[in-house]
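Chain residues, written in single-letter form:
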Amino acid sequence: MERAPLLKSGSGFEVMITMIAKMHVKIWRAALLLPLLALAACTTVGPDYVPPQIQMPDTWQQTPDPALRPTALEVEQWWSVFNDPLLDRLIASAAKGNLDLRAAMARVLEARAQLNEAAGGRLPALDAQGQVLRNRQSENLGLGRAETVTTYSGQLDAGWEIDLFGRISRSIEAAAADYQASEEDRLDVLITLYAEVARTYLAVRTFQARLEAAEGNISSQREILSLTQSRFKHGLSTYLDVSQAQSILASSEAEVPPLKVELTRSINTLAVLLGHRPGALKEDLSTLGPIPVPPVEVMVGVPADIMRRRPDIRRAERRLAGQTARVGVATADLYPTFSLTGSLGLASISSGDFLDAGSRFFSLGPIFQWNVFDAGRIRSRITAQDARVEQALAAYENTVLLALNEVENAMTAYIEERRRLAALERSVAAARESLRLATRLYLDGLADFQRVLDAQRAVFDYDNQVAASMGQAASNLVLLYKALGGGWPVPG
């Protein structure tokens, strides 16, 4: 027995193509009617977003100081003011290897994909499916002789929601705001990263400076101990002087191990910030380096500048915009939805005539759906979204206040630490002179050894405080740049 050819003239793919063409015309006729309806009645429900206006002060509340100038901000690469090539390299390395930054970038990609998904709602959806099923009825159902039948089917299903009341538009608007907020979140992570790298690097240099000062004082105290031992040996002093010199030397030596622990901890923390294993930077930072010196003047701009520079403020504003759009998404559920759906396919119990005209089937038509009664659930959801808008607005305003507070506090901390450092430098100079004079008077027999000990303690204490204050002043400047939103180029 000869099988019928799979493709026959006047049927087969020609029939299917003709069917698709005819259905295509019908779809477009219906599709043209719905846009006409949309033009007559289309509206985007829900509130339109208007950025909130916050009155910013004209000037900073910080008492004017020569070190702070309210001129245009120059904080895109603020770390360059320290003129430290190693710090520049560490910042660049952190931007490439930090894992928190990598996770923030992944969140941006996620939000971008969600925006694309929401935007896809504007376009028709098309699904294809096909199947071959072999069926056999039960002989005990009383339906006659049971036969085994094989069926062949394939079809295309299409659906298109007409966005008459803006549900899809508002969803896209919300997703776009979320995407923009994720980008601001990445920038916030970047700014924080730069600041932490710089502060940790400054901590490394500060601990090195404190260790160097401690070693210098220990060396001086050993000389004093040797002197007291020599004087005791020749009967020029009592053993009490030797014992006191040994005590202050041991006390100074006891200060060294904690400083080394903090130095190692800072180096390891810096390595992790760069995405390296702990200890990876030990060789790079083994050579002592000076604490970077802050510039004489810092450009801080005016309060209004932080509205465009601070990513956390921009992120809070975008979250407010996204939440406002979600009110529209919820409001659209109060209105009916209109969709155009269609289905086209072939079905047969024989593979030979599967592509015949008689195997075709199709459906086409608009769908109307309206939730007439739901016991107030939709309106409750709208109320909940409205409440979230109020929360987002409060969060935005609070973010602005916290930013202003952070800048004002950072300015005060930076200025006052500079003043403290200047006073400490005068103190250490006076303490060194006191030690020199007390030692001379002790050798001449005109003063007891206690004055030498007191002068030694003062020198050790002030040297340590000067090194710590130098590092703190530089670190406070980093915090000021961070508060001002420095570390990234603001689009014009």
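Residues numbered from 1 in each chain as written. Predicted model: local features only at pLDDT ≥ 70, side-chain atom pairs only at ≥ 80, totals over all residues. Heavy atoms only, no water.

Novice: Is there a simple way to explain the overall build of the protein chain in this structure?
Specialist: For the protein chain, the helix and strand inventory stands at 10 helices and six strands. Taking 492 residues into account, the globule formula puts the C-alpha radius of gyration at 23 Å, and the protein chain, at 39 Å, lies well above it. Here the protein chain, with 492 residues, has 41% of them falling under the buried criterion. A separation threshold of at least 6 residues defines the contact pool for the protein chain, and within that pool the share at least 24 residues apart is 84%. Within the protein chain, one finds 51 positive and 56 negative side-chain charges whose respective centroids are separated by 4 Å. (Helix = DSSP H or I, 4+ residues; strand = E, 2+ residues; numbered from the N terminus. Rg over C-alpha atoms; globule rule 2.2 N^0.38 Å. Buried < 20%, exposed > 50% of the residue type's maximum accessible area, 1.4 Å probe, protein only. Contact = heavy atoms within 4.5 Å. Lys, Arg positive; Asp, Glu negative; His and termini not counted. Charge placed at Lys NZ, Arg CZ, Asp CG, Glu CD.)

Novice: Help me understand the environment of I91, please; the structure alone is not making it clear to me.
Specialist: Of note, I91 is situated in helix α2 (residues 85-97). Along the primary structure I91 and F338 are separated by 247 residues, whereas in three dimensions their C-alpha atoms are 54 Å apart.

Novice: Teacher, can you tell me more about unusual backbone geometry here?
Specialist: Leaving glycine aside, a negative phi is the common case for residues, and trans is the common case for peptide bonds. Non-glycine residue N83 carries a positive phi angle of around 50°. Following the sequence through the fold, N83 ends up in the loop between β1 (68-69) and α2. Looking at N83, the relative accessible area reads 68%, which means it is exposed.

Novice: Would you mind showing me how to read the pattern of salt bridges here?
Specialist: If charged atoms from side chains of opposite charge come close, those side chains can pair. All chains considered together, the criterion is met by 24 salt bridges. Here D188 ties to R315 by a salt bridge, and the two come within 3.3 Å at their closest N and O atoms. With a gap of 127 residues between them, D188 in helix α4 (residues 167-233) and R315 in helix α8 (residues 311-332) connect regions that are remote in the sequence. Within this structure, R107, D185, D188 and R315 form a network of salt bridges that share partners. (Salt bridge = Lys/Arg side-chain N within 4 Å of Asp/Glu carboxyl O.)

Novice: I would appreciate a short explanation of the environment of E317 in the present structure.
Specialist: Structurally, E317 is set in helix α8. Considered as a pair, E317 and M299 are 18 residues apart in the sequence and their alpha carbons are 26 Å apart. Not counting residues up to four positions away in its chain, the partners in contact with E317 are Y49, P51 and Y396.

Novice: Help me out: how do you make sense of a nonpolar patch on the surface in this one?
Specialist: There is a patch of nonpolar side chains on the surface, built from F368, W370, V372 and F373 and spanning about 540 Å² of accessible area. The topology assignment puts F373 in the loop between β6 (360-369) and α9 (377-443). For F373, a relative accessible area of 70% translates into the label exposed. (Patch = residues over 30% accessible without salt bridge, like charges linked within 9 Å, V, L, I, M, F, W, Y side chains within 5 Å. Areas by Shrake-Rupley, 256 points an atom, 1.4 Å probe, with all protein chains shown as cover.)

Novice: What is the right way to look at the packing of α8 against α9 in this model?
Specialist: Two measures define how a pair of helices packs: the angle their axes make with one another and the distance between the axes. With their axes 9 Å apart at the nearest point, α8 and α9 run at an angle of 170° to one another. Put simply, α8 runs roughly antiparallel to α9. When grouped by side-chain class, the residues that make up the contact of α8 with α9 number 13 nonpolar, five polar and seven charged. (Axes fitted to C-alpha atoms, helices over the stretch in contact; angles between N-to-C directions. Parallel < 35°, antiparallel > 145°, perpendicular 65-115°, else oblique. Nonpolar A, V, L, I, M, F, W, Y, C, P; charged D, E, K, R; others polar.)

Novice: Would you explain the side chain of T200 in this entry?
Specialist: Tracing the backbone through its elements, the reader meets T200 in helix α4. Non-local contacts of T200, meaning those with residues more than four positions away in its chain, are made with S266, T269, L270 and L273.

Novice: When you look at the nonpolar core in this model, what are you seeing that I'm missing?
Specialist: In globular proteins that are soluble, nonpolar side chains generally tend to be buried together. By size, the foremost hydrophobic cluster in this structure holds 79 residues, and its most contacted members are W78, V197, I306 and L480. Contributing elements (two or more residues each) for this core: α2, α4, α5 (239-254), α6 (256-273), α8, α9 and α10 (449-483). Among the elements that take part in this core, α4 stands out by supplying 17 residues, more than any other. What V197 contacts, discounting residues up to four positions off in sequence, is L90, I91, A94, L270, L273 and L274. With seven residues, the next largest nonpolar core counts Y49, L320, A321 and A392 among its residues. (Core = buried A, V, L, I, M, F, W, Y, C linked by side-chain atoms within 4.5 Å.)

Novice: Where do I start with the environment of Q55 in this structure?
Specialist: Relative to the assigned elements, Q55 resides in the loop between α1 (12-41) and β1. Once the C-alpha coordinates of Q55 and F338 are considered, the two residues, 283 residues apart in sequence, prove to be 44 Å apart.

Novice: Can you help me understand the sheet that holds strand β3 (residues 148-162) in this one?
Specialist: Two modes of strand pairing occur in sheets, parallel and antiparallel, and in both the strands are linked by backbone hydrogen bonds. If you trace the four strands from one edge of the open sheet to the other, you get β2-β3-β5-β6, paired in antiparallel fashion. At either end of the open sheet lies a strand with only one pairing partner, and these are β2 (125-136) and β6. Ignoring strand direction, the axes of neighbouring strands in this sheet form an average angle of 20°. Alignment of β2 against β3, held across 12 bridges, turns out to be antiparallel. Following the sheet pairing, L126 is matched in β3 by A158. (Pairing = 2+ DSSP bridges.)

Novice: Can you help me understand the packing of α2 against α4 in this one?
Specialist: Packing of α2 against α4 brings their axes to within 10 Å, and their N-to-C directions diverge by 140°. Between α2 and α4, the angle falls in the class oblique. Every pair of crossing elements has a handedness; the one defined by α2 and α4 is right-handed. Judged by residue contacts, L86, L87, L90, I91, A94 and A95 of α2 engage L193, Y194, V197, A198, Y201 and R205 from α4. Looking at the contact of α2 with α4 residue by residue, the classes come out as 11 nonpolar, no polar and one charged. (Left-handed = near helix turned anticlockwise from the far one by under 90°.)

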